[in-house]
Amino acid sequence: MPNEALELLCTMGLAGVMRELREALEAEIGRPIAVRLGPTAALARDIAAGTPFDVAVLTAQAVEGFTAQGVLAAESRTDLARSRVGATVTPGLPVPDISTVAAFAQALRVAKRVCYTLNGASGKHFARLLPKLGLAEEVGAKALVIDGLVAERVVRGEADFGIQQVSEIRAVPESVLVGPIPAELNVETVFSAGLAAATRDAGAARALLAALAGPALRAVALEKGLEAP
């Protein structure tokens, strides 16, 4: 199956990295790669439903879960990068102070519309934060909850303030990264790759797994706002 594309499922946290590196990865392993991007939760549902794939890049927690179920090959987990949750604003608007919990809460109050994700790890974390900040009702009334890249909607002006992984914000070329949300409110997400136990070409899939863990991905990941695992 030398010309058949390997199926790579990839979380949106590494969307920018995969868009930039796919051709280089294909050249390194000598095979075409079909990349399917999506929030980890959505990809996990597809995997659970039996969607065929060769390699999956998900949150470390999801990789561990599928490994325990035997869906991913034992001991194939490969940590690729870490990310934190950040904020973005529409280009041309004043960049708010979000350096403290109080300043971040005020930025949410004055925003006209706040965008975050329904299925992404960052969106779920943000939704849990809102009641703790006393802003569940206020932000909920002006929220734009989506799947996909929040910064795309913010750049277009559909919302003026957005929350997502720093790497996902930086995956949108025209986005304005305000910075990570305060450390007291933030959460670190580790993105890991795993080999499908049912892959039809274990050799090529393992080569892709090794390429993902290589220096090229690490360098691009750092440019995109990710950190070493």
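The shown structure was predicted, so the numbers you read here are calculated from the model rather than taken from an experiment. Residue numbers here run from 1 along each chain, matching the order of that chain's written sequence. Local features in this predicted model are restricted to residues whose pLDDT is 70 or higher, and side-chain atom pairs enter the listing and the counts only when it is 80 or higher, whereas totals over whole chains, interfaces and linings include all residues. Water and hydrogen atoms were dropped before computing side-chain values, which therefore reflect all heavy atoms in the structure.

(A) Representation of the overall build of the chain. Helix and strand content of the chain: 10 helices and nine strands. Only C-alpha atoms enter the radius of gyration, while the globule expectation follows 2.2 Å times N to the 0.38, with N the number of residues. Taken against the 2.2 N^0.38 rule, which gives 17 Å for 229 residues, the C-alpha radius of gyration of the chain at 18 Å falls within 12% of a compact globule. Seen along its three principal axes, the alpha-carbon backbone of the chain occupies a region of about 55 × 35 × 25 Å. Buried residues are those whose accessible area, probed at 1.4 Å on protein chains only, stays under 20% of the maximum for their type, while exposed residues exceed 50% and partly exposed ones sit between those limits. Burial statistics for the chain: of 229 residues in total, 54% are counted as buried. Secondary structure elements follow DSSP: runs of H or I no shorter than four residues count as helices, runs of E no shorter than two count as strands, and numbering proceeds from the N terminus.

(B) Summary view of the packing of aromatic side chains. Side-chain rings of Phe, Tyr and Trp, where Trp is taken by its six-membered ring, are said to pair if the distance between their centres is within 6.5 Å; with planes under 30 degrees apart they count as stacked, over 60 as edge-to-face, and otherwise as tilted. All told, the structure shown has two aromatic pairs when counted by the stated rule. Here the aromatic rings of F104 and F161 are separated by 6.4 Å at their centres, their planes lie at 45°, and the arrangement is tilted. With F104 in helix α4 (residues 101-110) and F161 in strand β7 (residues 161-165), this pair connects stretches of sequence that are 57 residues apart. We classify F161 as buried; its relative accessible area is 2%. Ring geometry for Y116 versus F126: centroids 5.0 Å apart, planes at 70°, classification edge-to-face. Here the residue Y116 occupies a position in strand β5 (residues 114-117), and F126 occupies one in helix α5 (residues 121-133), the gap between them amounting to 10 residues. The exposure class of F126 is buried, given its relative accessible area of 1%.

(C) Main features of the pairing of β7. Of all five residues in β7, five are buried, a share of seventy percent or more. Paired strands are those between which DSSP finds at least two bridges. By the bridge criterion, five bridges tie strand β4 (residues 78-89) to β7 in an arrangement that is antiparallel. The residue bridging T88 from the neighbouring strand is G162, located in β7. Pairing of β5 with β7 involves two bridges; the strand directions are parallel. Residue V114 lies in a different strand from β7, and its bridge partner there is F161.

(D) How the structure looks around a positive patch on the surface. Together, R45, K124, R128 and K132 make up a region of like positive charge exposed at the surface. With three residues, α5 is the largest single contributor of residues to the positive patch. Looking at the element boundaries, K124 is found in helix α5. Patches draw on residues past 30% relative accessible area with no salt bridge. Two like charges within 9 Å are joined, as are two nonpolar side chains (Val, Leu, Ile, Met, Phe, Trp, Tyr) within 5 Å. Note on areas: these come from Shrake-Rupley sampling with a 1.4 Å probe, and a residue is covered only by the protein chains present in the view. What makes a salt bridge here is a side-chain nitrogen of Lys or Arg within 4 Å of a carboxyl oxygen of Asp or Glu, nothing more. In summary, the charge assignment counts Lys and Arg as positive and Asp and Glu as negative, without counting His or the chain termini. The location of each charge is read from NZ of Lys, CZ of Arg, CG of Asp or CD of Glu.

(E) Looking closely at the pairing of strand β9 (residues 188-195). Among the eight residues in β9, six count as buried, and that is most of the element. Sheet analysis places strand β3 (residues 55-59) next to β9, joined by five bridges and oriented antiparallel. Counterpart to L58 in the pairing with β9 is S192. Pairing geometry for β4 and β9, over six bridges, is antiparallel. When the sheet's bridge partners are listed, R82 is paired in β9 with V190.

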